[in-house]
Amino acid sequence: MQPTLAGVRVVEQGTFITGPCAGMMLADLGADVIKVESPDGDPYRAYQGGQYSPHFQAYNRNKRSLVLDMKLQGDRALFDGLVSQADVYIQNFRPGTADRLGAGVQRLQKLNPRLVYCSISGFGSSGPYVDRPSYDSVAQALSGFLSVVVDYQRPQFLGPALADAITGLYASQGVLAALVQRGRTGRGCHVEVSMLEAMTHFAVEPFAAFFALGQTPTSADRPRLAQAYILCTADERLIAIHLSSLEKFWQGLVAALDAPELASDPRFNPRERRIAEYETLRIELSTRFARQPLEYWVRRLQAEDVPYAPVNRMDDVVRDPQVAHLGIVVPVESPHTATRGVRPAAQFDGSRASSVTAAPLLDQHGEAIRAALGRGESWPEPGRK
């Protein structure tokens, strides 16, 4: 299959997660992404020591690496040569930094009027918070998102850097929309995405509930309304069930539990009572699920067509038969990293990625790129090995 973004050229000056994630999403779709790094490299490279942390690898696959010192005139000229032929430029510097480096939007779009320029920031390019530093946890908290996922009695962050990655996803979506627009107008545009804007939009459902009902949502609302539960089994595994609003799923759960008394219990019938008595029902279900091991409940729930899933650990996921059927885990083309990775999610006409190329070593492709541009050639073809 021809990659969907084949021929799209991207210059990324991203660090940590938001910018690199946006670049990776485009690279996963077939864009040729050259990651421009400082001589010290993306700081995420050294997140756990060395210059090739797994955290860096996660968001920088399918790219090439070129080291440029933007203080040097020769490197600035090489950077300009790349940008003049690029379709997209991505940066996630703090506001004002790109201009100081000679990579501001006005300068680069003057070099290349067709350039889609993507700026990613914490709080936007102006306003009272413009000079504040922002990280994943800050954006989760300020946007309201954290308030609808955190337990106020035992507050702690969720594991993954959600705000960072979600902002990168929104940025890549904005870039794709701008490329479509350029196809109509022939001109690029300036795409701006802040972490604050991305996370408030990601929380669109609780905001809609707040505006409609005038009540401030909490982390208990969604599981209560969706009738979703995480329960511990006799072998200390966790299983998730989601009853939704369909009565048949409640009836299926009652049958799986072999507990007809629940079907007539006025505390839990009809559905509105289950919502009101969510905590009471959670305790009731917890007691019952603790009597049998996970595999028992998997068989029972599946037989009754109840929406469920074991709470898989990473090692469980890579052995899961549906994951194997979908080919989600694929080989990583690299002699210097793990041999497996997770492929891009989208399929096109039934085709999907069968491998990914590992994140580059620092300046891994610098010599080849410099040589091609030094010979007066156009944007050098990728030698992704």
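Below is a summary of the structure that appears in this document. (Residues numbered from 1 in each chain as written. Predicted model: local features only at pLDDT ≥ 70, side-chain atom pairs only at ≥ 80, totals over all residues. Heavy atoms only, no water.)

1. Looking at the packing of aromatic side chains
As enumerated under the stated definition, the model contains 13 aromatic pairs in all. Aromatic side chains Tyr296 and Trp297 sit 4.9 Å apart centroid to centroid with 85° between the ring planes, which places their arrangement in the edge-to-face category. Put simply, the rings of Phe16, Tyr44, Tyr47 and Tyr135 pair up and form one aromatic cluster. One residue, Arg132, lies across the ring of Tyr129, its end atom 4.4 Å from the ring centre. (Phe/Tyr/Trp six-rings, centres within 6.5 Å; stacked < 30°, edge-to-face > 60°. Lys NZ or Arg CZ within 6 Å of the ring centre and 35° of its normal.)

2. Structural notes on unusual backbone geometry
A cis geometry characterises the amide bond from Asn269 onward to Pro270, with omega recorded as 0°. With a phi close to 50°, Asp349 is a non-glycine residue in the positive phi region. With relative accessibility at 85%, the residue Asp349 sits in the exposed group. Within the chain, Asp363 stands out as a residue other than glycine whose phi angle is a positive 60°. Take Asp363: it is sitting in the loop between strand S12 (356-357) and helix H18 (366-374). A relative accessible area of 25% places Asp363 in the partly exposed class. (Buried < 20%, exposed > 50% of the residue type's maximum accessible area, 1.4 Å probe, protein only. Helix = DSSP H or I, 4+ residues; strand = E, 2+ residues; numbered from the N terminus.)

3. Describing the pairing of strand S10 (residues 329-333)
Where S10 meets strand S11 (residues 340-342), three bridges bridge the pair, whose relative direction is antiparallel. Pairing of Val329 across the sheet is with Val342, part of S11. As consecutive antiparallel partners, S10 and S11 are separated by six residues. When S10 meets S12, the two strands line up parallel, connected through two bridges. Bridging across to S12, Glu333 finds its partner in Thr357. (Pairing = 2+ DSSP bridges.)

4. Let's talk about the sheet that holds S10
If you walk across this open sheet you meet the three strands as S11-S10-S12, and the pairing is mixed. Across the chains shown, the open sheet's two edge strands, defined by having one partner strand only, are S11 and S12.

5. Digging into the pairing of strand S1 (residues 9-13)
Within S1, four of the five residues are buried, which leaves the element mostly enclosed by the surrounding structure. In this sheet, strand S2 (residues 32-37) lies alongside S1 in parallel orientation, the contact comprising four bridges. The residue bridging Val10 from the neighbouring strand is Val33, located in S2. Chirality of the crossover, the property in question, places the unit of S1, helix H1 (residues 18-28) and S2 among those that are right-handed. Bridge count for S1 against strand S4 (residues 88-91) is four bridges, and the pairing is parallel. When the bridges of S4 are listed, Val10 appears paired with Val88. (Right-handed = clockwise from strand over helix to strand, strands pointing away.)

6. So, helix H8 (residues 195-202)
Each full turn of the α-helix corresponds to 3.6 residues, which orients residues three or four apart in the same direction. Along H8, the positions that sit buried rather than exposed are Met195, Ala198 and Met199. All buried residues of H8 project into a common sector of 90° when viewed along the axis, lining one side. Close packing links the buried residues of H8 with H1, strand S5 (116-121), helix H6 (136-142), helix H7 (162-185) and strand S6 (190-194). (Arc of directions from axis to C-beta. Contact = heavy atoms within 4.5 Å.)

7. A short note on the sheet that holds S2
Taken together, six strands build an open sheet; the order of strands is S3-S2-S1-S4-S5-S6 and the sheet is parallel. Single-partner strands in this sheet number two, and they are strand S3 (63-67) and S6. For this sheet, the mean inter-axis angle between neighbouring strands, taken without regard to orientation, is 20°. Each of S1, S2, S3 and S4 touches helix H3 (residues 73-85); the most contacted strand, S1, lies at about 140° to it. (Axes fitted to C-alpha atoms, helices over the stretch in contact; angles between N-to-C directions.)

8. Details of the packing of helix H11 (residues 247-257) against helix H15 (residues 294-303)
The contact between H11 and H15 brings their axes to 8 Å, and the two run at 135°. In this view, H11 runs oblique relative to H15, as classed from their interaxial angle. With respect to the hand of their crossing, H11 and H15 are arranged in right-handed fashion. Every residue of H15 that contacts H11 at Leu253, Ala255, Ala256 and Leu257 is listed here: Trp297, Arg300 and Leu301. Taken together, the residues of the contact of H11 with H15 break down into six nonpolar, no polar and one charged. (Parallel < 35°, antiparallel > 145°, perpendicular 65-115°, else oblique. Left-handed = near helix turned anticlockwise from the far one by under 90°. Nonpolar A, V, L, I, M, F, W, Y, C, P; charged D, E, K, R; others polar.)

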